[in-house]
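Below are the chains, spelled out letter by letter.
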Amino acid sequence: MADNMFAGLEVEEGEDVEVQAQEKKKKKKKKKRSKKTREELRKEEMSEAELAKENEEAEKEGGKIAELDKAEMQPLTADQDKKVQELKESILSDSSLPLEDGHIKVWLADTQPFKRFLLARDFNMDASRKLLVDCIKWRHQFKPWSIKVTEIEPCLRGGHMYSPTFDKQGHACVYMRQHTEPDPTPDDVAMKYMMWSFEMAMYKMLRKTDGQRYKMVWFVSNSGYNPKYNRSMKFIKELAHNVQNYYPERLHRCYFFYAPTMFRLFWNVLKPFLDKSTRSKFTFVHGSNAEVERFLSESFDLNDVEDHFFGKKPSDEWEEEEYYKYCVEMEKEMQAYYADRLDEINNPGKKERLEKERLEQEKKEKKAAKSKGKGKNKRKKEKESTGADNA
C-alpha cells in the first residue's frame, strides 16, 4: 500500500469546481489493503524450523513469555526501593542537568523513570545514573513530546504504523506494516514519527492505567518485506540505540507475523545491536489459525485485534482522514495534560485550593438559594394571610 502524501493538499483558488469536489472525495476515500489470505501470506514465511529456532533462542535469553516483565507488576524490594530514592535524589540535586525544562520537570516528578532505568541496568547505580543522565539531555535537546502531527503528516496518513487499542493488562498496542513500495519519507521525519509513536503510546497508557502500565506491545507484519523499500541499516541502528537508551523497559512484547526468509537475514544482522533482555521479547508468530488465536487470546481481546493479525476486527480498509483527525485531537489533549501537570508542580497545593474554593462557592450558592426560597415562601404566606383577612 503506497503512502498517499497528497491527500491533505488544499486546492488553489481558481481551480475548476469539479477538481475541488474530486479532491474532497479523495480525502474521504478509504485505502484498501492487501487482500492476500493468511494461507497465501504464510507461503512467503520462513520455514517452521526457522521460526521455531528464533523463538527458542529468545526464550533461552529471556525466559518463558509468562516469566517476562514481572518487574512491571511486582512491587520492588526494600533495597530496590531505596536505590530508586537514591537515584531520584542524586538526579534532582544535579545542577548541571536541564531540570528547569518544563517537560523534564513533569517527567521526573514520578518515580517510574528512576525505576525503569535501574531495571534496565540490573540496579547498578552508576550505570543506571549514566543512562538516565544521557536520556535527560537527549529529551531536552530532541524534545520528542513536542513533535507536531504536521511534521509527520505523510507518515500518519500512510497507515503503516498506528496505536488503536490495548491488551488485557492495559499495555498500548502498536500495529506496524512493512513498506511494500518505495518510501519517500526522509530519515529524520521517519525517526520523528517513531519517537512520536512511542510518546503517544506512553501518554495513552498513562491516562488509561494511571501509570500502572508503561510498556508497549508491537504487532509487526512482514508481509511483502523487501529491504530496498524499508530503512537503511544506519537508520535501524540509530533506532535501536534510541529505543534501548532513551526508552528502556518500554517494550512488553513484539510479535512478528508473516516473516519471510529475507527478513530472517535482516534479523540476524540486527540482533547483535540489541541487548539480551530486548531480544528475548521478540516472538515469531506461526502455527494454525486456531493455535495462533488461542495463543493471542491469553493476552488480547481478539475483537480489538485486526484480522490480519489473527484477530476479529476487519483490517482491509484504512480511514486515513479519521485517523489523522484523531491524532490532531490526541496531540492537543496530551499537550494540555502536560501543561496542567506542570502548573500543579510549579504551584503545589493550587489544585486543592481551587477545589476548596469551588466547594465553598457551591455552599454559598446553595445557602443563598435556600434563603431566597425561604423569602419567597414567607412572602407567599403573608400574601395568603392578607387575602384571608380581606375576605
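Residues numbered from 1 in each chain as written. Predicted model: local features only at pLDDT ≥ 70, side-chain atom pairs only at ≥ 80, totals over all residues. Heavy atoms only, no water.

1. What to know about the overall build of the protein
Counting its secondary structure elements, the protein contains 16 helices and 7 strands. Here the protein holds 391 residues, and 42% of them are scored as buried. Long-range pairs, those at least 24 residues apart, make up 80% of the contacts in the protein between residues at least 6 apart in sequence. As displayed, the protein offers around 21,900 Å² of accessible surface, 51% of which is attributable to carbon and sulfur atoms. (Helix = DSSP H or I, 4+ residues; strand = E, 2+ residues; numbered from the N terminus. Buried < 20%, exposed > 50% of the residue type's maximum accessible area, 1.4 Å probe, protein only. Contact = heavy atoms within 4.5 Å. Areas by Shrake-Rupley, 256 points an atom, 1.4 Å probe, with all protein chains shown as cover.)

2. Brief notes about the pairing of strand β4 (residues 216–221)
Counting buried positions along β4 yields 6 of 6 residues, so the element is predominantly enclosed. The pairing of strand β3 (residues 172–177) with β4 spans 6 bridges and is classified as parallel. Bridging across to β4, tyrosine 175 finds its partner in phenylalanine 219. Remark: the β3/helix α10 (residues 187–209)/β4 crossover connection has right-handed handedness. The sheet contact formed by β4 and strand β5 (residues 251–257) spans 6 bridges and is parallel. Bridge pairing in β5 places valine 217 opposite arginine 253. (Pairing = 2+ DSSP bridges. Right-handed = clockwise from strand over helix to strand, strands pointing away.)

3. Looking at unusual backbone geometry
Although it is not a glycine, lysine 143 adopts a positive phi angle of roughly 50°. For lysine 143, the position within the fold is in the loop between α8 (125–142) and α9 (153–158). The phi torsion at aspartate 210 lies on the positive side, around 55°, for a residue other than glycine. With respect to the helices and strands, aspartate 210 occurs in the loop between α10 and β4. A residue is classified by how much of its surface remains accessible, and aspartate 210, at 64% relative accessible area, is exposed.

4. Brief notes about the layout of surface pockets
Its volume calculated, the second largest pocket comes out at about 450 Å³. Lining the second largest pocket are 22 residues; nearest its centre among them are Asp110, Gln112, Leu206, Tyr337 and Tyr338. Within the residue set of the lining of the second largest pocket, elements represented by two or more residues are α6 (102–107), α7 (112–120), α10 and α15 (320–346). It is α10 that contributes the most residues to the lining of the second largest pocket, 6 residues altogether. Looking at the lining of the second largest pocket, its residues break down into 11 nonpolar, 3 polar and 8 charged. (1 Å grid on protein atoms, 1.4 Å probe; cavity = no way out; pocket = protein on both sides within 12 Å on 5 of 7 lines; lining within 4 Å. Points joined across faces, edges and corners; volume = space filled by probe spheres on them. Nonpolar A, V, L, I, M, F, W, Y, C, P; charged D, E, K, R; others polar.)

5. Notes on helix α11 (residues 233–246)
For α11, which comprises 14 residues, the first-to-last C-alpha distance of 19 Å matches the rise-based estimate of 20 Å (1.5 Å per residue) to within 8%. Considered for burial, the residues of α11 that qualify are Phe235, Ile236, Leu239, Ala240, Asn242, Gln244, Asn245 and Tyr246. Here the buried face of α11 lies against α7, α8, α10, α12 (261–270) and α13 (276–279). (Expected span 1.5 Å × (residues − 1).)

6. Things to note about the packing of aromatic side chains
Scanning the model with the defined rule gives 34 aromatic pairs in all. Look at tryptophan 138 and tyrosine 246: their rings are 4.3 Å apart centre to centre, the planes differ by 10°, and that puts the pair in the stacked class. With tryptophan 138 in helix α8 and tyrosine 246 in helix α11, the pair connects residues that are 108 residues apart, well separated along the chain. You'll find tryptophan 138 and tyrosine 246 in the same group, each marked buried. Their ring planes at 40° and their centres at 5.9 Å tell us that tyrosine 225 and phenylalanine 266 sit as a pair that is tilted. Note that tyrosine 225 is positioned in the loop between β4 and α11 and phenylalanine 266 in helix α12, a separation of 41 residues in sequence. Taking relative accessible area as the criterion, tyrosine 225 reaches 10% and is therefore assigned buried. On the basis of relative accessibility, which here comes to 17%, the residue phenylalanine 266 falls in the buried class. One residue, arginine 139, lies across the ring of tryptophan 107, its end atom 4.9 Å from the ring centre. The lysine or arginine in question, lysine 208, covers the ring of phenylalanine 166, its NZ or CZ lying 4.9 Å from the ring centre. (Phe/Tyr/Trp six-rings, centres within 6.5 Å; stacked < 30°, edge-to-face > 60°. Lys NZ or Arg CZ within 6 Å of the ring centre and 35° of its normal.)

7. Topic: the confidence of the model for the protein
Interpretation of this model should avoid reading the predicted coordinates in detail wherever pLDDT is low. Of all residues in the protein, 76% attain a pLDDT of 70 or more, and the chain-wide mean is 81. Below a pLDDT of 50 lies the segment residues 1–32, which in the model reaches 46 contacts outside its immediate sequence neighbourhood of four places, other chains included. (pLDDT = per-residue confidence, 0-100.)

8. Digging into the nonpolar core
Ranked by size, the top nonpolar core spans 87 residues in total, and within it Ile91, Leu156, Met195, Trp218, Phe219 and Phe257 carry the most contacts. The element that contributes the greatest number of residues to this core is α10, accounting for 13 residues. Look past the residues within four positions of tryptophan 218 in its chain and what remains in contact with it is Met161, Val174, Met176, Met194, Phe198, Leu251, Arg253, Cys254 and Tyr255. (Core = buried A, V, L, I, M, F, W, Y, C linked by side-chain atoms within 4.5 Å.)

9. Some remarks on the environment of arginine 177
In this structure, arginine 177 sits in strand β3. A relative accessible area of 12% places arginine 177 in the buried class. Put simply, arginine 177 and serine 221 are 44 residues apart on the chain and 4.8 Å apart in space, counted from C-alpha to C-alpha. At 3.0 Å, the side chain of arginine 177 and the side chain of glutamate 306 are in polar contact. (Polar contact = N/O pair within 3.5 Å; in protein donor to acceptor, adjacent residues only side chain to side chain.)

10. Digging into the pairing of strand β2 (residues 161–166)
In the case of a regular strand, side chains alternate between the two sheet surfaces. Most of β2 sits inside the fold, with 5 of its 6 residues counted as buried. With 4 bridges connecting them, β2 and β3 associate as antiparallel partners. What sits directly across from tyrosine 162, in β3, is tyrosine 175. Here β2 folds back onto β3, and the loop between the two strands holds 5 residues, one of which, glycine 170, carries a positive phi near 105°.

11. Observations concerning empty space enclosed by the protein
By rolling a water-sized probe across the atoms, one finds the places where empty space is left. If you walk through the whole model with that rule in mind, you get 2 cavities of 30 Å³ or more. The computed volume of the largest cavity comes to approximately 90 Å³. In this structure, the largest cavity is lined by 14 residues; those nearest its centre are Tyr162, Ser163, Trp196, Met200 and Tyr323. Sorting the residues of the lining of the largest cavity by element identifies β2, α10 and α15 as the ones contributing at least two each. When residues of the lining of the largest cavity are assigned to their parent elements, the largest contribution, 6 residues, is made by α10. In the lining of the largest cavity, the residues fall into 11 nonpolar, 2 polar and 1 charged.

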